Amino acid sequence: MPRHVVVPLIIAFAMFMQTLDSTILSTSIPAIARALDEPPLRLHLAVTSYMLSLAGFLPLSGWLADRFGARRVFRSAILIFTLASMACGFSDSLLMLLAARVCQGLGGAMMVPVGRLILVRSVAKTELIKAMTLMSMPALVGPIVGPPLGGLITTFASWQWIFWVNVPIGIVGWVMVGIFIEETRVESVKAFDLRGFIFSGIGLSAALFGFDGATTESFPPAVSYSVLGVGVVFLVLYARHARRVANPILDLKLLRVPTLRASIGGGSVFRIGIGAIPFLMPLFMQVGFGYSPLQSGLITFAASAGAFGIRGFSARVLARFGYRNVLIWDVLIAGVFLASYGLFRADTPVVVMLALLAAGGVFRSLGFSSINTLAFADIEPAHMSQATSFTFMAQRLSMTVGVALSAFLVHVFAGGAADHPPVSAFAETFVVIAIISSLSSFVFYRLSPDAGASLSGRPVAHVERPAAESEPPPHREAAE
């Protein structure tokens, strides 16, 4: 099998494990809340604690891959994630569960971004869209299998089993990486930016922790706002630090590349709304409609099934219409479908729910494929590790904000009824996050018509520009 087929399929094992873990957990949140005697909305901490850990350790992943080898770090990350999954399965309190989820976040912070780094270093640019599509298709099986499997396990067995299913998957993935993937290294490794790592790690984690606490009232307001203030201060310190050192752990100058800037900026706004769906939809159906976990899982999997169906056609769509046109309209259509979920009621025919969820999944998947690949259109190989960490960190941060924001909106629209929020609270929340997600269209509107043409292969008639505007952006190869 050619390299651009073998590598993405093996990396997909790790992505499958991570996506299965997140979707299987979301379906089981109400049951876990009852078992631990906690309000359902409070269990959003099981999601955000994982993402907070990701935020803190993600900046480290690119340097570790360069220093110790991407394959070695990737295998270590799979092992950490697998062991932490076992710890989640043994948890008997919310505090223990949150601690295990933080350890999972450490493994996840190195697992998926380093896996993606292995891919972009191993595959030619002309094959990148196909390779990433191939890598993501097995990973999309996780969200398809996760909701019904989580509902089945939670309904007929103990919720702890939703974490133990990661163990055999992790073992197989660890073995296959060791056998089939070659080590990739850079010739010279930059000095580790310890001060930058401390500033960025504390800043990102504290800011997200404070935002989450302030919006969902999970902690006393004084604590939440104090932590949020500390996070903002450290982020400002990092921004000043990054401008003064030669090799910052997160190179903010990469944002001068228009395609990367649009991928991070527009993609983050898009994911704030879309990232809330796996958390919000199971709660909507189980708490709002009184569905069982199995009933909820058998319905919500349709969103991922629709996403799986479009992945094979993403490259053709981008080649036909170009990144700019696809992204402008795709995020708007995806937002319309997201808002339509607020119209669901307990007596809505299941076939209507399935159709809307599947159709929305098609456009969300096309958006994600386009945004993820656009980020690497104009990045030099030497900056791939930092760009990979940067983009993956932005993805997880925006999804963390989406989960916390959706929990906050449900709480507000429910009038403080955290234990049993009404259906109307969920419906209004879907509309608000759909509007937020659709605003990303304005970011993609600013892209040039030929953005990403080196990836899609779409010929574009270039328009003459003034000399000052025709200069290549930073980090672009001279040959381009």
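Remember, it's a predicted structure, so these values are computed and weren't measured experimentally. (Residues numbered from 1 in each chain as written. Predicted model: local features only at pLDDT ≥ 70, side-chain atom pairs only at ≥ 80, totals over all residues. Heavy atoms only, no water.)

### Structural notes on the overall build of the protein
And step 1. A count of helical and extended segments in the protein gives 20 helices and 0 strands.
And step 2. Among the 480 residues that make up the protein, the fraction classed as buried is 56%.
And step 3. Within the protein, counting contacts between residues at least 6 apart in sequence, those at least 24 apart form 84% of the total.
And step 4. On the protein, roughly 19100 Å² of surface is accessible, and the fraction owed to carbon and sulfur atoms is 68%. (Helix = DSSP H or I, 4+ residues; strand = E, 2+ residues; numbered from the N terminus. Buried < 20%, exposed > 50% of the residue type's maximum accessible area, 1.4 Å probe, protein only. Contact = heavy atoms within 4.5 Å. Areas by Shrake-Rupley, 256 points an atom, 1.4 Å probe, with all protein chains shown as cover.)

### So, the packing of helix 10 (residues 258-274) against helix 15 (residues 350-374)
And step 1. It is at 8 Å that the axes of helix 10 and helix 15 come closest, and there the two elements cross at 150°. The angle between helix 10 and helix 15 falls in the class roughly antiparallel. Helix 10 and helix 15 meet at a crossing whose hand is left-handed. Contacts between helix 10 and helix 15 involve T259, S263, G267, F270, R271 and I274 from the former and R364, G367, F368, I371, N372 and L374 from the latter. (Axes fitted to C-alpha atoms, helices over the stretch in contact; angles between N-to-C directions. Parallel < 35°, antiparallel > 145°, perpendicular 65-115°, else oblique. Left-handed = near helix turned anticlockwise from the far one by under 90°.)

### Examining a nonpolar patch on the surface
And step 1. Residues L79, L83, M86, F90, M96, I171, W174, V175, I179 and F180 make up a contiguous nonpolar surface patch of about 950 Å² in total accessible area.
And step 2. Elements with a minimum of two residues in the nonpolar patch: helix 3 (70-89) and helix 7 (166-180).
And step 3. Broken down by element, the nonpolar patch gets its largest block of residues, 5 residues, from helix 7.
And step 4. Tracing the sequence through the fold places F90 in the loop between helix 3 and helix 4 (94-122). (Patch = residues over 30% accessible without salt bridge, like charges linked within 9 Å, V, L, I, M, F, W, Y side chains within 5 Å. Salt bridge = Lys/Arg side-chain N within 4 Å of Asp/Glu carboxyl O.)

### Thoughts on the packing of aromatic side chains
And step 1. What the rule picks out here adds up to 13 aromatic pairs.
And step 2. Grouping aromatic residues by their ring pairs yields a cluster made of F284, F289, Y291, Y341, F344, F426 and F430.
And step 3. Here R324 stacks its cationic end above the ring of Y445, 4.9 Å away from the centre of that ring. (Phe/Tyr/Trp six-rings, centres within 6.5 Å; stacked < 30°, edge-to-face > 60°. Lys NZ or Arg CZ within 6 Å of the ring centre and 35° of its normal.)

### Some points on the nonpolar core
When a protein is soluble and globular, its nonpolar side chains tend to lie buried together.
And step 1. Among the nonpolar cores identified, the biggest contains 128 residues, and F74 and Y341 are the most heavily contacted of them.
And step 2. Every residue in contact with Y341, bar those within four places of it in the chain, is listed here: I277, M281, F284, L356, L357, G360, G361, R364 and F430. (Core = buried A, V, L, I, M, F, W, Y, C linked by side-chain atoms within 4.5 Å.)

### Structural notes on helix 14 (residues 323-340)
And step 1. Counted at 1.5 Å a residue, the expected span for helix 14 with its 18 residues is 26 Å, and the 26 Å between its end C-alpha atoms agrees.
And step 2. When we look at burial in helix 14, the residues that qualify are Y323, R324, V326, L327, I328, D330, V331, A334, G335, F337, L338 and S340. (Expected span 1.5 Å × (residues − 1).)

### Describing the environment of P147
And step 1. Here P147 shows up in helix 5 (residues 128-156).
And step 2. Assessed through its relative accessible area of 6%, P147 is described here as buried.
And step 3. Along the primary structure P147 and S22 are separated by 125 residues, whereas in three dimensions their C-alpha atoms are 9.5 Å apart.

### Section: the packing of helix 3 against helix 7
And step 1. Here helix 3 crosses helix 7 at 170°, and the two axes come no closer than 9 Å. The pairing of helix 3 with helix 7 is recorded here as roughly antiparallel in orientation. Note on packing geometry: the crossing formed by helix 3 with helix 7 is left-handed. Along its contact with helix 3, which presents R71, F74, R75, I78, L79, F81, T82, S85 and M86, the element helix 7 presents N166, V167, G170, G173, W174, V175, V177 and G178.

### A look at the confidence of the model for the protein
And step 1. Here the protein averages 79 in pLDDT, and 85% of its residues register 70 or above.
And step 2. In this model, residues 462-480 is a region of pLDDT below 50 whose contacts with residues beyond four sequence positions or in other chains number 22 contacts. (pLDDT = per-residue confidence, 0-100.)

### Re the side chain of S441
And step 1. Here S441 shows up in helix 18 (residues 440-445).
And step 2. When near neighbours in sequence (up to four residues on either side) are disregarded, S441 contacts I328, V331 and L332.

### Regarding the environment of L356
And step 1. Within the fold, L356 resides in helix 15.
And step 2. Each C-alpha atom, one on L356 and one on F337, is 6.7 Å from the other, the two residues being 19 residues apart in sequence.
And step 3. Once you skip the residues sitting within four places of it in the chain, L356 turns out to touch F337, S340, Y341 and F344.

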